[in-house]
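Observations on the model geometry
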Amino acid sequence: MPTYIGFASYTDQGIRNVKDSPKRLDAAKDLAKDLGGELKQFYLTMGAYDIVIVFDVPGDDAAAKFALSLCARGNVRTTTVKAFTEAEYRDIVASLP
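Every value quoted in this text rests on a predicted model; they were computed, and no experiment measured them.

This part covers the overall build of the protein. Of the regular secondary structure elements, the protein holds four helices and four strands. The N-to-C order of helical and strand elements in the protein reads β-α-α-β-β-α-β-α. For the C-alpha atoms alone, the extent of the protein along its principal axes is close to 50 × 30 × 20 Å. Looking at the 97 residues of the protein, the share that counts as buried comes to 32%. For the protein, contacts bridging at least 24 residues in sequence account for 65% of all contacts bridging at least 6. Accessible surface, the protein: about 6,500 Å² in total, of which carbon and sulfur atoms supply 57%. Seen as two clouds, the 12 positive and the 13 negative side-chain charges of the protein have centres 7 Å apart.

As a further point, take the packing of helix α2 (residues 21-34) against helix α3 (residues 60-72). Orientation of α2 relative to α3, taken along the N-to-C sense of each, is 150°, at an axis distance of 10 Å. Judged on the interaxial angle alone, α3 and α2 are roughly antiparallel. α2 and α3 meet at a crossing whose hand is right-handed. Across the interface between the two elements, Ala28, Leu31 and Ala32 from α2 touch Phe66, Ser69 and Leu70 from α3. Tallied by class, residues from the contact of α2 with α3 come to five nonpolar, one polar and no charged.

What follows deals with the nonpolar core. With 16 residues, the main nonpolar core has Leu39, Ile53, Phe55, Val57, Phe66 and Leu70 as its most contacted residues. Of all elements in the fold, only β1 (3-10), α2, β3 (51-56) and α3 reach the threshold of two or more residues within this core. Residues in contact with Phe55, not counting those within four places in the same chain, are Pro2, Thr3, Tyr4, Ile5, Gly6, Glu38, Leu39, Lys40, Ala63, Phe66 and Thr80.

The rules behind each value
- Residues numbered from 1 in each chain as written.
- Predicted model: local features only at pLDDT ≥ 70, side-chain atom pairs only at ≥ 80, totals over all residues.
- Heavy atoms only, no water.
- Helix = DSSP H or I, 4+ residues; strand = E, 2+ residues; numbered from the N terminus.
- Buried < 20%, exposed > 50% of the residue type's maximum accessible area, 1.4 Å probe, protein only.
- Contact = heavy atoms within 4.5 Å.
- Areas by Shrake-Rupley, 256 points an atom, 1.4 Å probe, with all protein chains shown as cover.
- Lys, Arg positive; Asp, Glu negative; His and termini not counted.
- Charge placed at Lys NZ, Arg CZ, Asp CG, Glu CD.
- Axes fitted to C-alpha atoms, helices over the stretch in contact; angles between N-to-C directions.
- Parallel < 35°, antiparallel > 145°, perpendicular 65-115°, else oblique.
- Left-handed = near helix turned anticlockwise from the far one by under 90°.
- Nonpolar A, V, L, I, M, F, W, Y, C, P; charged D, E, K, R; others polar.
- Core = buried A, V, L, I, M, F, W, Y, C linked by side-chain atoms within 4.5 Å.

Next comes the structure, spelled out in structure tokens:
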């Protein structure tokens, strides 16, 4: 199953209601499950982003649904990247012409 890394920043609404954010994290975990995947890791971070998550879902469509659903709630804005495992990386490099 593909792995994705999500970077999130709180919106004004999200930071005003930050005490509700553990409930929102639980809802995000449920959403990932509903999409056939799993939110595997969560980090509160300092720097350019407030939150970093690692999640697996069946594909790019599910990843887009996940990110759009989170953003539509108005508490965070996200940037999502697709991640490749070391084994996948090695296969990609080995297959280069």
